[in-house]
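The residues making up each chain are set out below.
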Amino acid sequence: MNNMTLFYYIAAAHELPTGSFGQNKTVMTLQDYITNVNPSAKDQHFMQVLLEKYPNGDKLMEIYETEEDAAGLYITGPITSEDYSHVFRHPLVYQVNSEGGGFVINDEMKQSHPISYLTSKKCLEELFKYLHQNMVDGESIELYSCWATGTKRFNGSPKKELSLTINLSSFRLEKGFEWKENQYIRVDKLL
């Protein structure tokens, strides 16, 4: 069986910021955590292993209050090792990962999996906030998702019936949203 993964991409005409976006975390040392936040953690195997490795307790760790706080985006790139000219018009392509959620929300999910709905909604809100902050009026950015087999990406082509154009200025997530596989989405920032 082939090891396949669904990847998400953003293509732009100019450089975009990379890194982590939207996560609400507190950074503290192991010692501060077991002293001030969770004293019982020192009895947990994972914490004991960390304290063995860092006996002074000075190793930094990230703390999230809720699952929603841990949700966000992680963007890397630009990708230079692949030919994606059959998918994108823009020259700079970045990989975007949802952290702690996904790129799908709908009413059914809201009812049956409320935490997943909240974390995925946050990932989508962060995606559109990121696009809004990094686009100028009149500009367009391209989104696309596709499966990769091993290291090979962009094998297929966008499914024309799934193509979508979004005006960022008027777009709202209220009804739900799904960024589907092999879906090409053009995002325009119009006045």
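All residue numbers here refer to positions counted from 1 along the written sequence of the relevant chain. In view of the model being predicted, local features appear only for residues whose pLDDT reaches at least 70, and side-chain atom pairs are presented and counted only at 80 or more, with totals across whole chains, interfaces and linings using the full set of residues. Hydrogen atoms and water are omitted, and side-chain values are computed over all heavy atoms in the structure.

*Asks:* Help me out: how do you make sense of the packing of helix H1 (residues 30–37) against helix H2 (residues 45–53) in this one?
*Replies:* Geometry of a packed helix pair, given as the angle between the helix axes and the separation of the axes. H2 packs onto H1 with a crossing angle of 140° between their chain directions and a minimal axis gap of 11 Å. The pairing of H1 with H2 is recorded here as oblique in orientation. Between H1 and H2, the contacting residues are Leu 30, Tyr 33 and Ile 34 on the first element and Met 47, Leu 50 and Leu 51 on the second. Class assignment of the residues belonging to the contact of H1 with H2 gives a composition of 6 nonpolar, no polar and no charged. A fitted line through C-alpha atoms serves as each axis, taken over the contacting stretch for helices, and the angle formed by two N-to-C directions is quoted from 0 to 180°. Put simply, DSSP H or I for four residues or longer makes a helix, DSSP E for two residues or longer makes a strand, and each gets a number counted from the N terminus. Orientation is classified from the angle alone, with under 35 degrees giving roughly parallel, over 145 giving roughly antiparallel, 65 to 115 giving roughly perpendicular, and any other angle giving oblique. In this description, contact between two residues means that some pair of their heavy atoms is separated by no more than 4.5 Å. Charged residues are taken to be Asp, Glu, Lys and Arg, nonpolar residues to be Ala, Val, Leu, Ile, Met, Phe, Trp, Tyr, Cys and Pro, and polar residues to be all remaining types, Gly included.

*Asks:* Would you mind showing me how to read the side chain of Lys 189 here?
*Replies:* Its location among the elements puts Lys 189 in the segment after strand S11 (184–188). Exposure classes here rest on a 1.4 Å probe applied to the protein chains alone. A residue is buried below 20% of its type maximum, exposed above 50%, and partly exposed in between. Counted charges follow a simple rule, with Lys and Arg positive, Asp and Glu negative, and His plus the chain ends left uncounted. Think of a salt bridge as a Lys or Arg side-chain nitrogen and an Asp or Glu carboxyl oxygen that are within 4 Å of each other. Buried charged residue Lys 189 carries no salt bridge. Nearest counter-charge: Asp 137, at 4.5 Å. At 2.8 Å, the side chain of Lys 189 and the backbone oxygen of His 132 are in polar contact. Ignoring any residue separated from it by four or fewer positions in sequence, one finds Lys 189 in contact with His 132, Met 135, Val 136, Asp 137, Gly 138, Glu 139, Leu 168 and Ser 169. Residues adjacent in sequence count toward polar contacts only when both atoms are side-chain atoms; beyond that, a polar contact is any pair of N or O atoms within 3.5 Å, and within protein one must be able to donate a hydrogen and the other to accept it.

*Asks:* I'm lost on the packing of aromatic side chains in this one. Help?
*Replies:* One pair of aromatic rings is described through two measures. These are the centre distance and the angle between the planes. Pairs were defined over the aromatic rings of Phe, Tyr and Trp, the Trp ring being its six-membered one, requiring ring centres within 6.5 Å. Orientation was assigned from the angle between planes: stacked under 30 degrees, edge-to-face over 60, tilted for the rest. One pass over the structure, following the stated rule, counts 13 aromatic pairs. An angle of 65° between the planes, with centres 5.0 Å apart, marks the rings of Phe 21 and Tyr 130 as edge-to-face. Taken together, the positions of Phe 21 in strand S2 (residues 19–21) and Tyr 130 in helix H5 (residues 114–133) put the pair 109 residues apart, joining distant regions of the chain. Ring pairing ties together the aromatic residues Phe 7, Tyr 9, Tyr 84, Phe 88, Tyr 144 and Phe 154, which thus form one cluster.

*Asks:* Even after reading the chapter, I still don't get the pairing of strand S8 (residues 140–149), so can you show me in this structure?
*Replies:* On a regular strand, one side chain projects to one face of the sheet and the next to the other, so that they alternate. Most of S8 is tucked away, with 8 of its 10 residues classed as buried. At least two bridges found by DSSP between two strands are what make those strands a pair. By the bridge criterion, 5 bridges tie S8 to S11 in an arrangement that is antiparallel. Bridging across to S11, Ser 140 finds its partner in Asp 188.

*Asks:* Teacher, can you tell me more about H2 here?
*Replies:* At 3.6 residues per turn, the α-helix brings residues three or four places apart onto the same side. For H2, every residue scored as buried is listed here: Met 47, Leu 50 and Leu 51. Seen along its axis, H2 keeps its buried residues to an arc of 95°; they face one direction. Structural note: H2 exposes His 45, Glu 52 and Lys 53 on the side pointing more than 90 degrees away from its buried face. Where H2 is buried, its residues touch H1 and strand S4 (60–63). The arc in question is formed by the directions pointing from the helix axis toward the C-beta atoms.

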